[in-house]
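Below are the chains, spelled out letter by letter.
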Amino acid sequence: MIRGGNPLHGEVQISGAKNSAVALLPAAILAESEVTLDNLPAISDVAVYSEILRDLGAVVERKEDAIRIDPSNLQSVAMPNGKVKLLRASYYLMGALLGRFGEAVIGLPGGCNFEPRPIDQHIKGFEALGATVTNEHGAMRITAKELRGAKIYLDLVSVGATINIMLAASRAKGSTIIENAAKEPEIIDVATLLNSMGAKIKGAGTETIRIEGVERMHGCRHSIIPDRIQAGTYMIMAAATRGDVTVEGVIPKHMEAVTAKLRELGATVEELDDAIRIVASGDAPYQAVDVKALVYPGFATDLQSPMTSLLTQASGVSVLSDYIYGNRFKHVPELAMMGANIRVEGRSAIIEGGPLSAAKVHATDLRAGAALVIAGLTVTDGITEVTGVEYIDRGYDNLVENLSRLGADIWRETVSQ
Ligand code: EPZ
């Protein structure tokens, strides 16, 4: 529940990145001794992943924002159903179990289904490494007598496929080259962990990644990079409420695309060493801007829905196009219930700025949920009720507490739907 209209003021601390954490947890099982991850976000996707690792036989212990994973007695247990269906990133178990045991049976992933999300490039990669992949009633059985390094060209740039192939290839015989690899910071984070575990990976963060397979991998300690999507969401919230917020514990370089768009809109953005300050308290109307969601270092698709809400606050018509997920617009009908004037044409949303008003709306996925909270923070005529908040809990830790501390009037209630 949000009674909007309060400008956000103060500091907010960003936690570790969800999309790194959900890859680093399965990556840890490639080791044969203990891995500790620091800066772990307290989100539900991490809690579910920890349970899955326990079900596979790992000893998992959490202490504050650190997690200790001892995978020495792990086995490749078949997981055709159950918890793996709750998460998108359960597909990383395919690469990790394949690398360590030469076999994996994992149900096709669930998670935020804002549109069909194929995994053909992951499978193409496993097959190139010598694995046989079959679909058994919705679960993937992946087996290999021996994984051998290969040259793999990805038909499209995929974060998940790049990481999954890195996981399996780390323990393959010989060298693997991934061409047209994704360059997201989370790829570098996974490669850094794997290298600390004894892997030999070069080029992560560029479009060509080279992996020299190793026979064994060992434990280590690693700190997860800050969550650039969470940081971007708070930056957008600060701008949308005309506030003054310092987003702390971030890598400003990772935020360049959103920083540029907020400046173009008319907000002041100061880049500090490991923080970004957004000063948006002026009265001058925001300029409409065009935004294209692209692969990194372009504007992130995960910030496309939050940005849609901000653009309703600009004067004039903005065009926001998503070149990664062209149908990721389930937040638009909900924003329309709040009075937003948005038309979807192909992979673009055409947004005509204007004030929003309070309504009951439903989050259909994680970032759509964030978009609705942002919209709710801007309205001045009542209480916005957002249901489906379990999606928001998948990726934003302490959202209500953080926003309350920044001055928002926001609270949780159990409502009958
Ligand atoms: C990751 O998903 C993120 N999830 C997503 O964040 C994010 O939206 C996406 O990358 C793009 O940045 C995780 O890291 C867990 P992709 P991923 O493979 O890896 C197509 C969030 O809100 N494709 O890079 O699954 C695909 O359909 C989540 O935090 C294929 O066609 O995305 C899409 O159009 C949602 N075949 C494009 O490629 C494949 O085999 C990029 O997808 C793989 C992908």
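Each remark here, short or long, concerns the structure printed above.
Report on the accompanying structure.

About the cut-offs
Each chain has its residues counted from 1, running along the sequence as written. Local features in a predicted model are, by the rule used here, given only for residues with pLDDT of at least 70; side-chain atom pairs are given and counted only at 80 or more, and totals for whole chains, interfaces and linings are based on all residues. Computation of side-chain values: all heavy atoms of the structure, hydrogens and water removed. When at least one non-hydrogen atom of a residue lies within 4 Å of a molecule or strand, that residue is treated as near it. Pairing of N or O atoms within 3.5 Å defines a polar contact, subject to two protein rules: one partner must be a possible hydrogen donor and the other a possible acceptor, and residues neighboring in sequence count only if both atoms are side-chain atoms. What sets the accessible areas is the Shrake-Rupley method with a 1.4 Å probe; for residues, cover comes only from the shown protein chains. Using a 1 Å grid laid over the protein atoms alone, points where a 1.4 Å probe fits but cannot get out form a cavity; open sets with protein on both sides within 12 Å along at least 5 of 7 lines form a pocket; any residue with an atom within 4 Å of a point counts as lining. To decide whether a molecule occupies a pocket or cavity, check its atoms: if more than half lie within 2 Å of the grid points, it is inside. Grid points are joined across faces, edges and corners, and a volume is the space filled by probe spheres set on the points. Secondary structure counts use DSSP, requiring at least four H or I residues in a row for a helix and at least two E residues in a row for a strand, with both numbered from the N terminus. In this classification, Asp, Glu, Lys and Arg are treated as charged, Ala, Val, Leu, Ile, Met, Phe, Trp, Tyr, Cys and Pro as nonpolar, and every other residue, Gly included, as polar. Where a domain begins and ends is set by an automatic assignment or by a domain database. Axis definition: a line fitted to C-alpha atoms, limited for helices to the stretch in contact. Angles are taken between N-to-C directions and run from 0 to 180 degrees. Angles are sorted into four bins: roughly parallel if under 35 degrees, roughly antiparallel if over 145, roughly perpendicular if 65 to 115, and oblique for all others. By convention the crossing between two helices is left-handed if the near helix lies anticlockwise of the far one by an angle smaller than a right angle, and right-handed if it lies clockwise. Contact definition: two residues touch when any of their heavy atoms are within 4.5 Å.

### Considering the site of the ligand
Inference 1: Around the ligand lies a shell of 24 residues, among which Gln121, Ser158, Asp302, Ile324 and Arg367 are the nearest.
Inference 2: A distance of 3.3 Å separates an oxygen atom of the ligand from a polar atom in the side chain of arginine 117.
Inference 3: In this structure, proline 118 approaches the ligand through a main-chain N or O atom, which is 3.4 Å from a nitrogen atom.
Inference 4: Look at the ligand: alone it shows 830 Å² of surface, and the protein chains cover 90% of it.
Inference 5: Cavity membership is defined here by more than half of the atoms lying within 2 Å of grid points; on that basis the ligand lies in the largest pocket.

### What about the layout of surface pockets?
Rolled over the atoms, a probe with the dimensions of a water molecule shows which regions are left empty.
Inference 1: Of the volumes computed, that of the largest pocket is approximately 990 Å³.
Inference 2: Contributing to the lining of the largest pocket are 44 residues, with Tyr91, Arg117, Val159, Ile324 and Tyr325 lying nearest its centre.
Inference 3: Sorting the residues of the lining of the largest pocket by element identifies α1 (18–27), α4 (120–128), α5 (159–169), α7 (228–240) and α11 (366–378) as the ones contributing at least two each.
Inference 4: Taken together, the residues of the lining of the largest pocket sort by class into 23 nonpolar, 8 polar and 13 charged.
Inference 5: The residue makeup of the lining of the largest pocket includes at least three contributed by each of domain 1 (2–15 + 226–410) and domain 2 (18–223).
Inference 6: Here the second largest pocket defines a volume of roughly 370 Å³.
Inference 7: Lining of the second largest pocket is provided by 23 residues; of these, Met1, Val386, Val389, Arg412 and Glu413 occupy positions nearest its centre.
Inference 8: Of all the elements in the fold, those that place two or more residues in the lining of the second largest pocket are β24 (383–387), α12 (389–393) and α13 (399–405).

### Overview of the packing of α7 against α11
Inference 1: Between α7 and α11, the shortest axis-to-axis distance is 9 Å and the interhelical angle comes to 20 degrees. Put simply, α7 runs roughly parallel to α11. The handedness of the crossing between α7 and α11 comes out as right-handed. Contacts from Ile229, Thr233, Ile236, Met237 and Ala240 in α7 reach Arg367, Ala370, Val373, Ile374, Leu377 and Thr378 in α11.
Inference 2: Across the contact of α7 with α11, the residue classes break down as 8 nonpolar, 2 polar and 1 charged.

### What about empty space enclosed by the protein?
Inference 1: Following the criterion strictly, the structure yields 2 cavities of 30 Å³ or more and no others.
Inference 2: Size it by volume and the largest cavity reaches roughly 80 Å³.
Inference 3: Lining the largest cavity, in full, are Arg228, His254, Met255, Glu256, Ala257, Val258, Tyr296, Pro297, Gly298, Phe299, Ala300 and Leu303.
Inference 4: The greatest single-element share of the lining of the largest cavity, amounting to 3 residues, is contributed by helix α8 (residues 256–265).
Inference 5: Residues that form the lining of the largest cavity fall into these classes: 8 nonpolar, 2 polar and 2 charged.
Inference 6: Its volume calculated, the second largest cavity comes out at about 40 Å³.
Inference 7: As for the second largest cavity, its lining consists of Ala17, Lys18, Asn19, Glu186, Asp227, Arg228, Ile229 and Arg367.

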